[in-house]
Amino acid sequence: MDARSPDLTRDAAGWRADAPTTKSLAEVNATVAIPKAGGWWRRLLAFVGPGYLVSVGYMDPGNWATDLAGGSKFGYTLLSVILLSNLMAILLQSLAARLGIVTDRDLAQACRATYSPAVNFLLWLACEAAIIACDLAEVIGTAIALKLLFGIPLIGGALIAALDAFLLLILMNRGFRFLEAFVIALLVVIAVCFTVQLAAAAPPVAEMLRGFVPTTEIFTNPEMLYIAIGIIGATVMPHNLYLHSSIVQTRAYERNDEGRREAIKWATTDSTIALMLALFINAAILVVAAATFHKSGHSDVAEIGQAFELLSPLLGLGVASTLFAIALLASGLNSTVTATLAGQIVMEGFLDLRLPSWARRLLTRGIAIIPVIVVTAIYGERGTADLLVFSQVVLSMQLPFAVIPLVRFVSDRRKMGQFTIPPYVAAIAWIVAGIIVILNVKLLADTLFG
(Lines give C-alpha, C1' and ligand atoms only; values in the text may rest on other atoms or scores of the structure.)
Protein backbone atom coordinates (compact mmCIF):
# COMPACT_ATOMS: atom_id res chain seq x y z
CA MET A 1 0.00 0.00 0.00
CA ASP A 2 1.18 3.53 -0.81
CA ALA A 3 2.52 5.27 2.27
CA ARG A 4 0.13 8.15 1.62
CA SER A 5 -2.94 5.92 1.35
CA PRO A 6 -5.11 5.40 4.44
CA ASP A 7 -5.43 1.95 5.93
CA LEU A 8 -8.99 0.87 5.04
CA THR A 9 -8.76 -2.59 6.63
CA ARG A 10 -11.46 -3.31 9.21
CA ASP A 11 -11.67 -4.91 12.59
CA ALA A 12 -14.39 -7.36 13.65
CA ALA A 13 -16.81 -4.50 14.37
CA GLY A 14 -16.26 -2.94 10.96
CA TRP A 15 -14.22 0.02 12.21
CA ARG A 16 -11.26 1.17 10.11
CA ALA A 17 -7.90 0.05 11.48
CA ASP A 18 -6.40 3.54 11.13
CA ALA A 19 -9.19 5.28 13.08
CA PRO A 20 -7.97 7.47 15.98
CA THR A 21 -8.73 6.12 19.45
CA THR A 22 -8.84 9.46 21.27
CA LYS A 23 -11.79 9.83 23.64
CA SER A 24 -14.53 12.23 22.62
CA LEU A 25 -14.15 15.52 24.55
CA ALA A 26 -11.23 13.88 26.31
CA GLU A 27 -10.89 16.68 28.87
CA VAL A 28 -14.31 15.89 30.40
CA ASN A 29 -14.84 12.26 29.35
CA ALA A 30 -16.07 10.09 32.30
CA THR A 31 -15.62 12.95 34.79
CA VAL A 32 -19.17 12.96 36.25
CA ALA A 33 -19.48 10.30 38.96
CA ILE A 34 -22.42 7.87 39.02
CA PRO A 35 -23.51 6.74 42.52
CA LYS A 36 -23.45 2.98 43.01
CA ALA A 37 -25.77 3.03 46.02
CA GLY A 38 -29.06 4.74 46.80
CA GLY A 39 -32.39 4.97 45.02
CA TRP A 40 -33.03 5.09 41.28
CA TRP A 41 -33.57 8.85 41.48
CA ARG A 42 -29.95 9.41 42.51
CA ARG A 43 -28.73 7.63 39.39
CA LEU A 44 -31.22 9.53 37.24
CA LEU A 45 -30.04 12.85 38.69
CA ALA A 46 -26.46 11.89 37.89
CA PHE A 47 -27.45 11.54 34.23
CA VAL A 48 -29.55 14.72 34.13
CA GLY A 49 -27.77 17.39 32.10
CA PRO A 50 -26.78 16.23 28.60
CA GLY A 51 -30.43 16.11 27.53
CA TYR A 52 -30.88 19.75 28.50
CA LEU A 53 -27.74 20.80 26.63
CA VAL A 54 -29.17 19.04 23.59
CA SER A 55 -32.64 20.57 24.09
CA VAL A 56 -31.12 24.07 23.82
CA GLY A 57 -30.71 23.53 20.09
CA TYR A 58 -34.43 22.87 19.80
CA MET A 59 -35.40 26.30 21.11
CA ASP A 60 -32.66 28.57 19.76
CA PRO A 61 -33.34 31.92 17.99
CA GLY A 62 -33.84 30.10 14.68
CA ASN A 63 -36.86 28.36 16.16
CA TRP A 64 -38.27 31.72 17.17
CA ALA A 65 -38.22 32.98 13.57
CA THR A 66 -39.95 29.93 12.12
CA ASP A 67 -42.44 29.64 15.00
CA LEU A 68 -43.35 33.33 14.83
CA ALA A 69 -43.76 33.19 11.06
CA GLY A 70 -45.83 30.01 11.24
CA GLY A 71 -48.08 31.21 14.07
CA SER A 72 -48.76 34.70 12.72
CA LYS A 73 -49.44 33.54 9.15
CA PHE A 74 -51.20 30.20 9.63
CA GLY A 75 -52.52 30.28 13.19
CA TYR A 76 -52.27 26.99 15.07
CA THR A 77 -51.96 24.78 11.95
CA LEU A 78 -48.22 24.19 12.22
CA LEU A 79 -48.39 22.95 15.83
CA SER A 80 -48.63 19.50 14.27
CA VAL A 81 -45.25 20.07 12.61
CA ILE A 82 -43.71 21.10 15.95
CA LEU A 83 -45.11 17.95 17.56
CA LEU A 84 -43.90 15.72 14.71
CA SER A 85 -40.47 17.36 14.79
CA ASN A 86 -40.21 16.83 18.52
CA LEU A 87 -41.12 13.15 18.25
CA MET A 88 -38.46 12.78 15.55
CA ALA A 89 -35.99 14.53 17.84
CA ILE A 90 -36.76 12.26 20.81
CA LEU A 91 -36.16 9.16 18.67
CA LEU A 92 -33.00 10.41 16.96
CA GLN A 93 -31.43 11.78 20.16
CA SER A 94 -32.01 8.47 21.93
CA LEU A 95 -30.21 6.74 19.05
CA ALA A 96 -27.32 9.24 19.26
CA ALA A 97 -26.96 8.61 23.01
CA ARG A 98 -27.03 4.85 22.41
CA LEU A 99 -24.29 5.09 19.79
CA GLY A 100 -21.99 7.09 22.07
CA ILE A 101 -22.54 4.90 25.13
CA VAL A 102 -22.13 1.56 23.34
CA THR A 103 -19.24 2.32 20.97
CA ASP A 104 -17.31 4.91 23.04
CA ARG A 105 -17.34 7.03 19.88
CA ASP A 106 -19.32 10.11 19.02
CA LEU A 107 -21.12 10.25 15.65
CA ALA A 108 -18.28 12.13 13.95
CA GLN A 109 -15.70 9.60 15.19
CA ALA A 110 -17.94 6.73 14.08
CA CYS A 111 -18.16 8.23 10.59
CA ARG A 112 -14.38 8.70 10.44
CA ALA A 113 -13.88 5.11 11.56
CA THR A 114 -16.29 3.76 8.92
CA TYR A 115 -16.19 5.77 5.71
CA SER A 116 -13.42 6.67 3.28
CA PRO A 117 -11.54 9.97 3.68
CA ALA A 118 -13.41 11.51 0.72
CA VAL A 119 -16.83 10.67 2.15
CA ASN A 120 -15.80 11.88 5.59
CA PHE A 121 -14.64 15.19 4.15
CA LEU A 122 -18.01 15.72 2.45
CA LEU A 123 -19.87 14.81 5.64
CA TRP A 124 -17.69 17.23 7.59
CA LEU A 125 -18.43 20.04 5.10
CA ALA A 126 -22.18 19.35 5.37
CA CYS A 127 -22.03 19.42 9.17
CA GLU A 128 -19.93 22.60 9.21
CA ALA A 129 -22.52 24.25 6.94
CA ALA A 130 -25.21 23.29 9.46
CA ILE A 131 -23.19 24.68 12.39
CA ILE A 132 -22.55 27.94 10.52
CA ALA A 133 -26.29 28.20 9.73
CA CYS A 134 -27.03 27.65 13.42
CA ASP A 135 -24.39 30.18 14.41
CA LEU A 136 -25.95 32.64 12.01
CA ALA A 137 -29.27 32.31 13.84
CA GLU A 138 -27.54 32.79 17.21
CA VAL A 139 -25.72 35.93 16.05
CA ILE A 140 -28.95 37.44 14.73
CA GLY A 141 -30.96 36.42 17.79
CA THR A 142 -28.40 37.74 20.27
CA ALA A 143 -27.96 40.99 18.32
CA ILE A 144 -31.72 41.55 18.18
CA ALA A 145 -32.08 40.84 21.92
CA LEU A 146 -29.31 43.34 22.74
CA LYS A 147 -31.02 45.95 20.56
CA LEU A 148 -34.42 45.37 22.13
CA LEU A 149 -33.14 45.47 25.71
CA PHE A 150 -30.34 48.03 25.52
CA GLY A 151 -30.79 49.87 22.19
CA ILE A 152 -27.52 48.57 20.72
CA PRO A 153 -27.58 48.67 16.86
CA LEU A 154 -27.79 45.28 15.13
CA ILE A 155 -24.30 45.49 13.64
CA GLY A 156 -22.84 46.39 17.04
CA GLY A 157 -24.77 43.58 18.68
CA ALA A 158 -23.45 41.11 16.11
CA LEU A 159 -19.89 42.18 16.89
CA ILE A 160 -20.51 41.87 20.64
CA ALA A 161 -21.90 38.37 20.03
CA ALA A 162 -18.44 37.31 18.82
CA LEU A 163 -17.05 37.87 22.31
CA ASP A 164 -19.13 35.05 23.77
CA ALA A 165 -16.47 32.73 22.38
CA PHE A 166 -14.94 32.95 25.86
CA LEU A 167 -18.14 32.01 27.72
CA LEU A 168 -17.75 28.27 27.11
CA LEU A 169 -14.09 28.40 28.09
CA ILE A 170 -14.99 29.96 31.45
CA LEU A 171 -17.79 27.47 32.10
CA MET A 172 -15.77 24.39 31.11
CA ASN A 173 -12.97 25.43 33.43
CA ARG A 174 -15.47 25.26 36.31
CA GLY A 175 -16.42 21.66 35.44
CA PHE A 176 -18.98 20.04 33.16
CA ARG A 177 -21.69 19.96 35.84
CA PHE A 178 -21.30 23.73 36.29
CA LEU A 179 -21.80 24.14 32.54
CA GLU A 180 -24.96 22.02 32.69
CA ALA A 181 -26.29 24.02 35.66
CA PHE A 182 -25.76 27.28 33.75
CA VAL A 183 -27.67 25.95 30.75
CA ILE A 184 -30.56 24.59 32.85
CA ALA A 185 -30.86 27.91 34.72
CA LEU A 186 -31.26 29.81 31.45
CA LEU A 187 -33.79 27.24 30.23
CA VAL A 188 -35.85 27.90 33.37
CA VAL A 189 -35.73 31.64 32.59
CA ILE A 190 -37.02 31.00 29.05
CA ALA A 191 -39.77 28.68 30.28
CA VAL A 192 -40.98 31.17 32.92
CA CYS A 193 -41.04 34.03 30.40
CA PHE A 194 -43.20 32.10 27.95
CA THR A 195 -45.47 30.69 30.64
CA VAL A 196 -46.39 34.27 31.60
CA GLN A 197 -46.95 35.25 27.95
CA LEU A 198 -49.00 32.12 27.28
CA ALA A 199 -51.23 32.87 30.24
CA ALA A 200 -51.70 36.45 29.01
CA ALA A 201 -52.50 35.30 25.44
CA ALA A 202 -55.22 32.91 26.75
CA PRO A 203 -55.50 30.88 23.50
CA PRO A 204 -58.76 28.98 22.79
CA VAL A 205 -57.96 25.46 24.00
CA ALA A 206 -60.09 23.55 21.44
CA GLU A 207 -58.65 25.46 18.48
CA MET A 208 -55.13 25.06 19.82
CA LEU A 209 -55.53 21.30 20.27
CA ARG A 210 -56.83 20.95 16.69
CA GLY A 211 -53.55 22.46 15.55
CA PHE A 212 -51.73 19.33 16.73
CA VAL A 213 -53.62 17.26 14.10
CA PRO A 214 -51.76 17.27 10.73
CA THR A 215 -53.50 18.53 7.56
CA THR A 216 -52.67 17.94 3.88
CA GLU A 217 -52.44 21.70 3.35
CA ILE A 218 -49.01 21.67 4.99
CA PHE A 219 -47.66 19.64 2.07
CA THR A 220 -49.69 21.23 -0.76
CA ASN A 221 -49.17 24.89 0.21
CA PRO A 222 -45.59 25.83 -0.85
CA GLU A 223 -45.42 28.79 1.54
CA MET A 224 -46.61 26.68 4.47
CA LEU A 225 -44.26 23.85 3.47
CA TYR A 226 -41.29 26.25 3.42
CA ILE A 227 -41.98 27.34 7.01
CA ALA A 228 -42.77 23.73 8.03
CA ILE A 229 -39.39 22.53 6.77
CA GLY A 230 -37.79 25.49 8.53
CA ILE A 231 -39.44 24.29 11.76
CA ILE A 232 -38.11 20.76 11.18
CA GLY A 233 -34.66 22.15 10.45
CA ALA A 234 -34.81 24.33 13.53
CA THR A 235 -36.07 21.49 15.72
CA VAL A 236 -34.22 18.37 14.56
CA MET A 237 -30.80 20.00 14.38
CA PRO A 238 -28.08 17.84 12.78
CA HIS A 239 -25.20 18.99 14.95
CA ASN A 240 -27.18 18.03 18.07
CA LEU A 241 -26.82 14.38 17.09
CA TYR A 242 -23.04 14.74 17.16
CA LEU A 243 -23.26 16.68 20.42
CA HIS A 244 -25.42 14.15 22.28
CA SER A 245 -23.36 11.14 21.19
CA SER A 246 -20.37 12.81 22.82
CA ILE A 247 -21.58 14.45 26.02
CA VAL A 248 -23.35 11.31 27.31
CA GLN A 249 -19.82 9.93 27.66
CA THR A 250 -19.04 12.52 30.34
CA ARG A 251 -20.73 10.15 32.81
CA ALA A 252 -18.45 7.68 34.60
CA TYR A 253 -20.73 4.67 34.11
CA GLU A 254 -19.08 1.27 34.08
CA ARG A 255 -17.81 0.50 30.59
CA ASN A 256 -19.35 -2.98 30.53
CA ASP A 257 -22.67 -4.40 29.29
CA GLU A 258 -24.58 -3.78 32.51
CA GLY A 259 -23.19 -0.27 32.94
CA ARG A 260 -23.97 0.63 29.35
CA ARG A 261 -27.51 -0.77 29.59
CA GLU A 262 -28.26 1.41 32.60
CA ALA A 263 -26.58 4.43 31.00
CA ILE A 264 -28.77 4.07 27.88
CA LYS A 265 -31.90 3.92 30.05
CA TRP A 266 -31.13 7.03 32.09
CA ALA A 267 -29.67 9.03 29.20
CA THR A 268 -32.80 8.35 27.12
CA THR A 269 -35.01 9.36 30.05
CA ASP A 270 -33.00 12.57 30.51
CA SER A 271 -33.21 13.60 26.85
CA THR A 272 -36.91 12.71 26.53
CA ILE A 273 -37.89 14.86 29.51
CA ALA A 274 -35.68 17.74 28.31
CA LEU A 275 -37.12 17.60 24.79
CA MET A 276 -40.65 17.74 26.19
CA LEU A 277 -39.61 21.09 27.70
CA ALA A 278 -38.41 22.13 24.24
CA LEU A 279 -41.79 21.08 22.80
CA PHE A 280 -43.57 23.27 25.36
CA ILE A 281 -41.42 26.33 24.58
CA ASN A 282 -41.63 25.95 20.78
CA ALA A 283 -45.38 25.39 20.95
CA ALA A 284 -45.72 28.38 23.31
CA ILE A 285 -43.91 30.68 20.85
CA LEU A 286 -46.19 29.61 18.00
CA VAL A 287 -49.35 29.73 20.16
CA VAL A 288 -48.54 33.23 21.43
CA ALA A 289 -47.94 34.34 17.81
CA ALA A 290 -51.19 32.75 16.65
CA ALA A 291 -53.31 34.04 19.55
CA THR A 292 -51.79 37.52 19.44
CA PHE A 293 -50.83 38.31 15.85
CA HIS A 294 -52.88 35.97 13.63
CA LYS A 295 -56.05 36.61 15.61
CA SER A 296 -55.64 40.40 15.34
CA GLY A 297 -54.91 40.32 11.60
CA HIS A 298 -51.14 40.82 11.86
CA SER A 299 -50.40 37.79 9.69
CA ASP A 300 -47.09 39.11 8.36
CA VAL A 301 -45.19 39.15 11.66
CA ALA A 302 -41.99 37.23 10.97
CA GLU A 303 -39.48 39.64 12.49
CA ILE A 304 -38.54 39.24 16.13
CA GLY A 305 -38.30 43.03 16.53
CA GLN A 306 -41.79 43.49 15.15
CA ALA A 307 -43.13 40.85 17.53
CA PHE A 308 -41.44 42.66 20.43
CA GLU A 309 -43.17 45.96 19.54
CA LEU A 310 -46.62 44.41 19.15
CA LEU A 311 -46.71 41.95 22.06
CA SER A 312 -47.34 44.32 24.97
CA PRO A 313 -50.03 46.44 23.23
CA LEU A 314 -51.89 43.42 21.84
CA LEU A 315 -51.67 41.34 25.02
CA GLY A 316 -52.37 44.29 27.32
CA LEU A 317 -49.41 43.26 29.47
CA GLY A 318 -46.69 45.88 29.78
CA VAL A 319 -43.94 43.42 30.73
CA ALA A 320 -44.70 40.97 27.87
CA SER A 321 -42.26 42.50 25.38
CA THR A 322 -39.47 42.70 27.97
CA LEU A 323 -39.98 39.05 28.94
CA PHE A 324 -39.85 38.17 25.24
CA ALA A 325 -36.48 39.92 24.82
CA ILE A 326 -35.03 38.43 28.02
CA ALA A 327 -36.00 34.93 26.86
CA LEU A 328 -34.43 35.64 23.46
CA LEU A 329 -31.14 36.72 25.05
CA ALA A 330 -31.12 33.62 27.29
CA SER A 331 -31.78 31.48 24.22
CA GLY A 332 -28.90 33.07 22.31
CA LEU A 333 -26.46 32.61 25.20
CA ASN A 334 -27.47 28.99 25.69
CA SER A 335 -27.21 28.21 21.99
CA THR A 336 -23.71 29.68 21.97
CA VAL A 337 -22.53 27.12 24.52
CA THR A 338 -23.96 24.06 22.76
CA ALA A 339 -22.93 25.13 19.25
CA THR A 340 -19.36 25.67 20.45
CA LEU A 341 -19.25 22.18 21.92
CA ALA A 342 -20.76 20.69 18.76
CA GLY A 343 -18.21 22.49 16.61
CA GLN A 344 -15.36 21.13 18.71
CA ILE A 345 -16.77 17.58 18.56
CA VAL A 346 -17.28 17.69 14.79
CA MET A 347 -13.84 19.10 14.01
CA GLU A 348 -12.03 16.70 16.34
CA GLY A 349 -14.13 13.71 15.28
CA PHE A 350 -13.92 14.11 11.51
CA LEU A 351 -10.48 15.68 11.16
CA ASP A 352 -8.77 14.69 14.41
CA LEU A 353 -7.85 18.38 14.47
CA ARG A 354 -7.79 20.04 17.87
CA LEU A 355 -8.08 23.80 18.26
CA PRO A 356 -8.60 25.78 21.45
CA SER A 357 -12.35 26.27 21.94
CA TRP A 358 -12.01 30.07 21.84
CA ALA A 359 -10.20 29.89 18.48
CA ARG A 360 -12.81 27.50 17.06
CA ARG A 361 -15.61 29.75 18.25
CA LEU A 362 -14.09 32.96 16.90
CA LEU A 363 -13.60 31.27 13.54
CA THR A 364 -17.24 30.17 13.16
CA ARG A 365 -18.57 33.39 14.64
CA GLY A 366 -16.48 35.38 12.17
CA ILE A 367 -18.00 33.43 9.29
CA ALA A 368 -21.53 33.97 10.68
CA ILE A 369 -21.08 37.69 11.40
CA ILE A 370 -20.15 38.63 7.82
CA PRO A 371 -23.54 37.79 6.19
CA VAL A 372 -25.40 39.37 9.14
CA ILE A 373 -23.53 42.66 8.73
CA VAL A 374 -23.92 42.64 4.93
CA VAL A 375 -27.65 41.80 4.98
CA THR A 376 -28.36 44.29 7.79
CA ALA A 377 -26.52 47.07 5.96
CA ILE A 378 -28.38 46.41 2.69
CA TYR A 379 -31.85 45.25 3.74
CA GLY A 380 -32.18 46.26 7.39
CA GLU A 381 -34.08 44.22 9.99
CA ARG A 382 -36.42 42.69 7.42
CA GLY A 383 -33.45 41.07 5.74
CA THR A 384 -32.25 39.51 8.99
CA ALA A 385 -35.72 37.96 9.53
CA ASP A 386 -35.60 36.32 6.10
CA LEU A 387 -32.02 35.23 6.79
CA LEU A 388 -33.11 33.60 10.06
CA VAL A 389 -35.78 31.46 8.36
CA PHE A 390 -33.41 30.61 5.48
CA SER A 391 -30.72 29.48 7.95
CA GLN A 392 -33.17 26.97 9.41
CA VAL A 393 -34.00 25.58 5.97
CA VAL A 394 -30.25 25.14 5.40
CA LEU A 395 -30.13 23.16 8.65
CA SER A 396 -32.94 20.92 7.43
CA MET A 397 -31.06 20.31 4.18
CA GLN A 398 -28.11 18.95 6.16
CA LEU A 399 -30.17 16.57 8.28
CA PRO A 400 -29.96 13.50 6.00
CA PHE A 401 -26.15 13.62 6.15
CA ALA A 402 -26.30 13.12 9.93
CA VAL A 403 -29.46 11.01 10.29
CA ILE A 404 -28.64 8.33 7.70
CA PRO A 405 -25.18 7.42 9.12
CA LEU A 406 -26.62 7.43 12.66
CA VAL A 407 -29.45 5.02 11.83
CA ARG A 408 -27.07 2.83 9.86
CA PHE A 409 -24.63 2.55 12.77
CA VAL A 410 -27.17 1.74 15.50
CA SER A 411 -28.74 -0.89 13.19
CA ASP A 412 -25.38 -2.62 12.61
CA ARG A 413 -25.02 -5.68 14.87
CA ARG A 414 -21.26 -5.80 14.34
CA LYS A 415 -20.87 -2.34 15.87
CA MET A 416 -23.63 -2.46 18.48
CA GLY A 417 -23.78 -6.15 19.47
CA GLN A 418 -26.64 -6.85 21.87
CA PHE A 419 -27.47 -3.12 21.91
CA THR A 420 -28.50 -3.06 18.24
CA ILE A 421 -31.89 -1.38 17.94
CA PRO A 422 -34.86 -3.72 17.27
CA PRO A 423 -36.07 -4.03 13.65
CA TYR A 424 -39.27 -2.05 14.33
CA VAL A 425 -37.27 0.86 15.79
CA ALA A 426 -34.93 0.73 12.79
CA ALA A 427 -37.97 0.80 10.47
CA ILE A 428 -39.37 3.88 12.23
CA ALA A 429 -35.95 5.57 12.13
CA TRP A 430 -35.63 4.93 8.39
CA ILE A 431 -39.15 6.27 7.85
CA VAL A 432 -38.15 9.44 9.72
CA ALA A 433 -35.04 9.74 7.53
CA GLY A 434 -37.22 9.19 4.45
CA ILE A 435 -39.70 11.89 5.49
CA ILE A 436 -36.86 14.36 5.94
CA VAL A 437 -35.40 13.57 2.50
CA ILE A 438 -38.79 13.74 0.76
CA LEU A 439 -39.69 17.08 2.36
CA ASN A 440 -36.32 18.53 1.36
CA VAL A 441 -36.68 17.33 -2.25
CA LYS A 442 -40.18 18.83 -2.39
CA LEU A 443 -38.89 22.14 -1.07
CA LEU A 444 -36.05 22.23 -3.59
CA ALA A 445 -38.46 21.45 -6.44
CA ASP A 446 -40.85 24.22 -5.36
CA THR A 447 -37.98 26.67 -4.94
CA LEU A 448 -36.30 25.90 -8.29
CA PHE A 449 -39.35 25.33 -10.49
CA GLY A 450 -42.07 27.27 -8.69
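Heads up: the structure comes first, above all this text.
Everything numeric in this text was worked out from a predicted model, so none of it was measured.

Novice: Before we move on, could you go through the overall build of the protein and cite the residues and values that matter?
Specialist: Of the regular secondary structure elements, the protein holds 20 helices and zero strands. Residue burial in the protein is summarised as follows: out of 450 residues, 59% are buried. Restricting the contact set of the protein to residue pairs at least 6 apart, pairs at least 24 apart contribute 84%. When the accessible surface of the protein is split by element, carbon and sulfur atoms take 69% of a total near 17,100 Å².

Novice: Break down the pattern of salt bridges for me, with residues and values.
Specialist: Summed over the entire model, instances satisfying the criterion amount to eleven salt bridges. The salt bridge involving Glu262 is made with Arg43; its shortest N-O contact spans 3.1 Å. Of this pair, Glu262 sits in helix H14 (residues 257–294) while Arg43 sits in helix H1 (residues 40–47), and the two are 219 residues apart along the sequence. Under the relative-accessibility criterion, Glu262 is labelled partly exposed at 24%.

Novice: Could you give me a rundown of the packing of helix H9 (residues 176–201) against helix H16 (residues 320–351), with the residues and numbers involved?
Specialist: As a packed pair, H9 and H16 sit with axes 9 Å apart at the nearest point and diverge in direction by 150 degrees. Relative to H16, the element H9 lies roughly antiparallel. Relative to H16, H9 is oriented so that their crossing is left-handed. Of the residues in H16, those in contact with Phe176, Leu179, Phe182, Val183, Leu186, Leu187, Val189, Ile190, Cys193, Phe194, Val196 and Gln197 of H9 are Ala320, Leu323, Phe324, Ile326, Ala327, Ala330, Ser331, Leu333, Asn334, Val337 and Leu341. Class assignment for the residues of the contact of H9 with H16 results in 20 nonpolar, three polar and no charged.

Novice: An account of a nonpolar patch on the surface is needed here, citing residue identities and associated values.
Specialist: Nonpolar side chains collect at one region of the surface, where Phe121, Leu122, Leu125, Leu351 and Leu353 lie side by side and expose about 430 Å² of accessible area between them. The residue Leu351 is located in helix H16 in this model.

Novice: Go over H1, please, and point to the residues and values.
Specialist: Burial in H1 covers these residues: Arg43, Leu44, Ala46 and Phe47. Mapping the buried residues of H1 onto a view down its axis gives an arc of 155 degrees, with all of them on the same face. Turning to H1, the residues buried within the fold contact helix H2 (50–56), H9 and H14. Positioned one or two residues after H1, Gly49 has a phi angle of 150 degrees, which is positive.

Novice: Outline unusual backbone geometry, supporting the account with residue identities and numerical values.
Specialist: Residues other than glycine seldom take positive phi values, yet Leu25 does so here, at roughly 45 degrees. With respect to the element layout, Leu25 can be found in the segment before H1. With relative accessibility at 2%, the residue Leu25 sits in the buried group. In this structure, Ala202 takes a positive phi of about 45 degrees despite not being glycine. Taking the relative accessible area as the measure of exposure, Ala202 reaches 53% and is therefore exposed.

Novice: With reference to specific residues and values, describe the side chain of Ser331.
Specialist: If you trace the backbone, Ser331 turns up in helix H16. Its relative accessible area of 1% is what places Ser331 among the buried residues. Excluding residues within four positions of it along the chain, Ser331 makes contact with Met59, Asp60, Pro61, Trp64 and Ile190.

Novice: Pulling in residues and values, what's your account of the layout of surface pockets?
Specialist: Estimates place the volume of the second largest pocket at around 220 Å³. For the second largest pocket, the lining is made up of 14 residues, of which Val81, Leu84, Pro214, Ile218 and Leu439 are closest to its centre. Broken down by secondary-structure element, the contributors of at least two residues to the lining of the second largest pocket are helix H4 (79–103), helix H11 (217–220), helix H12 (222–235) and helix H20 (423–449). Looking at the lining of the second largest pocket, the element that brings in the most residues is H12, giving four residues. In the lining of the second largest pocket, the residues fall into eleven nonpolar, three polar and no charged.

Novice: An account of the nonpolar core is needed here, citing residue identities and associated values.
Specialist: By size, the foremost hydrophobic cluster in this structure holds 144 residues, and its most contacted members are Leu78, Leu95, Phe194, Tyr242, Phe324 and Leu341. The dominant element in this core, judged by the number of residues it contributes, is H14, at 19 residues. Counting residues in each nonpolar core, the second largest holds five residues, with Ala133, Cys134, Met237 and Leu395 among its members.

Novice: How would you sum up the packing of H4 against helix H13 (residues 238–247)? Please name residues and give values.
Specialist: Relative placement of two packed helices is described by the angle separating their axes and the distance separating the axes. One way to put it is that H4 packs onto H13 with a least axis distance of 7 Å and a crossing angle of 40 degrees. Considering their axes alone, H4 and H13 lie oblique with respect to each other. Like other packed secondary-structure pairs, H4 and H13 cross with a definite hand, here right-handed. Residue-level inspection shows Leu92, Gln93, Ala96, Ala97 and Gly100 of H4 in contact with H13, the latter providing Asn240, Leu241, His244 and Ser245. Taken together, the residues that form the contact of H4 with H13 break down as four nonpolar, five polar and no charged.

Novice: Explain the side chain of Ser246 to me, using residue names and the numbers behind them.
Specialist: Within the fold, Ser246 resides in helix H13. A relative accessible area of 1% places Ser246 in the buried class. Of note is the side chain of Ser246, whose polar atom sits 2.6 Å from the side chain of Ser24. Discounting chain neighbours no more than four positions away, the residues touching Ser246 are Ser24, Leu25, Asp106 and Ile345.

The rules we used
Residues numbered from 1 in each chain as written. Predicted model: local features only at pLDDT ≥ 70, side-chain atom pairs only at ≥ 80, totals over all residues. Heavy atoms only, no water. Helix = DSSP H or I, 4+ residues; strand = E, 2+ residues; numbered from the N terminus. Buried < 20%, exposed > 50% of the residue type's maximum accessible area, 1.4 Å probe, protein only. Contact = heavy atoms within 4.5 Å. Areas by Shrake-Rupley, 256 points an atom, 1.4 Å probe, with all protein chains shown as cover. Salt bridge = Lys/Arg side-chain N within 4 Å of Asp/Glu carboxyl O. Axes fitted to C-alpha atoms, helices over the stretch in contact; angles between N-to-C directions. Parallel < 35°, antiparallel > 145°, perpendicular 65-115°, else oblique. Left-handed = near helix turned anticlockwise from the far one by under 90°. Nonpolar A, V, L, I, M, F, W, Y, C, P; charged D, E, K, R; others polar. Patch = residues over 30% accessible without salt bridge, like charges linked within 9 Å, V, L, I, M, F, W, Y side chains within 5 Å. Arc of directions from axis to C-beta. 1 Å grid on protein atoms, 1.4 Å probe; cavity = no way out; pocket = protein on both sides within 12 Å on 5 of 7 lines; lining within 4 Å. Points joined across faces, edges and corners; volume = space filled by probe spheres on them. Core = buried A, V, L, I, M, F, W, Y, C linked by side-chain atoms within 4.5 Å. Polar contact = N/O pair within 3.5 Å; in protein donor to acceptor, adjacent residues only side chain to side chain.

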